[in-house]
Amino acid sequence: MTQRSIRHQAVTLRQVAAHAAVSRQTVSNAINAPHRLEPATLAKVIKAIDELRYRPNRSARSLSTGSAGLIGYCIPQRSVGYANSMMDSFLHALSAAMETVGRHVLLFTAPPGEAGLSMYADLIAQRAVDGFVLSDTDRDDPRHPWLTERDIRFVSFGRTWPEDGQERGSWVDVDGAAACSAIVDGLHANGHERIGFVGRRGRLGAAKDRRNGWRDACVRHGLPIAGMSVACPGDTVANGERAAHLLLDRPKPPTAIVAISDVFALGVMRAVIDRGGRPGTDVAVTGFDDTPLASAVTPALTSVRQPVVEIAATALRLLEAPTGTSEGVLLPGTIVSRDSADITTTLTPADVRQRNVAAHRQQAGLKRDRQENKK
């Protein structure tokens, strides 16, 4: 049989072995355990695989090696009107990263919290996946300890901020607190003395992290916090608009509003326009995630860009790390300044975090002094 006729059929492991003049076990080792072969033998088998365009049977490979070649990723359930194009970009980047090592992403859905653990259990029982990438992490997310107790490989995009301070498993996250602090620094440098915040209700850790960054910077600059923050029930434009109206109805409304997502920020801009104002001129507005909408609206939205490609590559590296290792990686976001808020800052996330820690210590010292004076 000629090479040309073989290429029009499903090439078998036996044919590769014959073409390379080696045993079938040698071809199997080249695919599943290349470290067992001499370099020259491995090169000969790889050449035969390339010439015949052999593709290992996934099912057979799973049975022989215990590897499915698939990584599970749960697509979070979204309410009507919810949009998160940043996570769509992350999923694309994650799929591309996995393909570089011959893996693919298996998508599934599950309810949030402990109710969704049964889906993870089913996939594990069926040996359908080799591990999981988690996202949309909540505080004390039940998936992390559950997978850890069962020695299941996973990596998390996002922290869980457990009460005991011990994160379960490896994770990669963006420093939302430092980014939001840097935004407040930039707004304050431009003369803003009342900076509002539109956040999110619930246990989503990233939402609280970003609010902490806003609060810490306001404390550091001596800016008001009470009544300057509104938490929304879900990430929709309508919720962001309602939150902005609440802030703008205050006797002394904010002159700038920091939103924890671009979706909320678009609602804020709509509220400003509804009142006859101009976003970026009468009220500065910032978002988070730097979605395509940020540069498509008028005025263009200042936002924080998350490094999705680097996040995906880091998730892959942590997932491929030796069993039993655990690592956390905190990546910086990048402020993209546009017309809705002119922000210029030379501070790095590490600088911002250090300044916030110093501010916390100063506040704690003043509180102790006041308590001592009362005695």
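Residues numbered from 1 in each chain as written. Predicted model: local features only at pLDDT ≥ 70, side-chain atom pairs only at ≥ 80, totals over all residues. Heavy atoms only, no water.

Peer 1: For this particular structure, what's the right way to read the confidence of the model for the protein chain?
Peer 2: Looking at the protein chain as a whole, its pLDDT mean stands at 84, while 82% of the residues score no less than 70. Low pLDDT, under 50, characterises residues 59-65; the stretch is placed with eight contacts to residues that sit more than four places away or in other chains. (pLDDT = per-residue confidence, 0-100. Contact = heavy atoms within 4.5 Å.)

Peer 1: Looking at this structure, I do not really get helix α14 (residues 308-319). What am I missing?
Peer 2: Because each turn of an α-helix spans 3.6 residues, side chains separated by three or four positions in sequence point in the same direction. Helix length check: α14 (12 residues) gives 16 Å between terminal C-alpha atoms against 16 Å at 1.5 Å per residue, within 8%. Tucked into the core, α14 has its buried residues touching β1 (70-74), α6 (85-99), β3 (131-134), β4 (154-157), β5 (170-174) and β11 (328-331). (Helix = DSSP H or I, 4+ residues; strand = E, 2+ residues; numbered from the N terminus. Expected span 1.5 Å × (residues − 1).)

Peer 1: Can you help me understand the sheet that holds β4 in this one?
Peer 2: Where strands meet in a sheet, backbone hydrogen bonds hold them as pairs that are either parallel or antiparallel. Pairing in this open sheet of six strands is parallel, and the strands run β2-β1-β3-β4-β5-β11 from one edge to the other. Two strands in the sheet have a free side with no partner beyond their single neighbour: β2 (104-108) and β11. Sheet twist, expressed as the mean angle between neighbouring strand axes with direction ignored, is 20 degrees. Note: β4 against β5, three bridges, orientation parallel. When the bridges of β5 are listed, Ser-156 appears paired with Trp-171. (Pairing = 2+ DSSP bridges. Axes fitted to C-alpha atoms, helices over the stretch in contact; angles between N-to-C directions.)

Peer 1: Is there a simple way to think about helix α10 (residues 205-221) in this case?
Peer 2: Counted at 1.5 Å a residue, the expected span for α10 with its 17 residues is 24 Å, and the 25 Å between its end C-alpha atoms agrees. The set of residues buried in α10 consists of Gly-205, Ala-207, Asp-209, Arg-210, Asn-212, Gly-213, Trp-214, Asp-216, Ala-217 and Cys-218. Looking one or two places after α10, you find Gly-222, whose phi comes out positive at around 70 degrees. (Buried < 20%, exposed > 50% of the residue type's maximum accessible area, 1.4 Å probe, protein only.)

Peer 1: Honestly, the sheet that holds strand β8 (residues 256-259) in this entry has me stumped. Any pointers?
Peer 2: With respect to topology, four strands assemble into an open sheet ordered β7-β6-β8-β9, the strand pairing being parallel. For this open sheet the edge positions go to β7 (229-232) and β9 (284-286), each flanked by a neighbour on one side alone. Across the sheet, the axes of successive neighbouring strands diverge by a mean angle of 15 degrees, strand direction being ignored. Two strands pair when backbone bridges link them, and strand β6 (residues 195-200) and β8 are joined in this way by four bridges, in the parallel orientation. Its bridge partner being in β8, Gly-196 is matched across the sheet by Ile-257. Sheet strands in contact with α10 are β6, β7 and β8, and its direction is about 165 degrees off that of β6.

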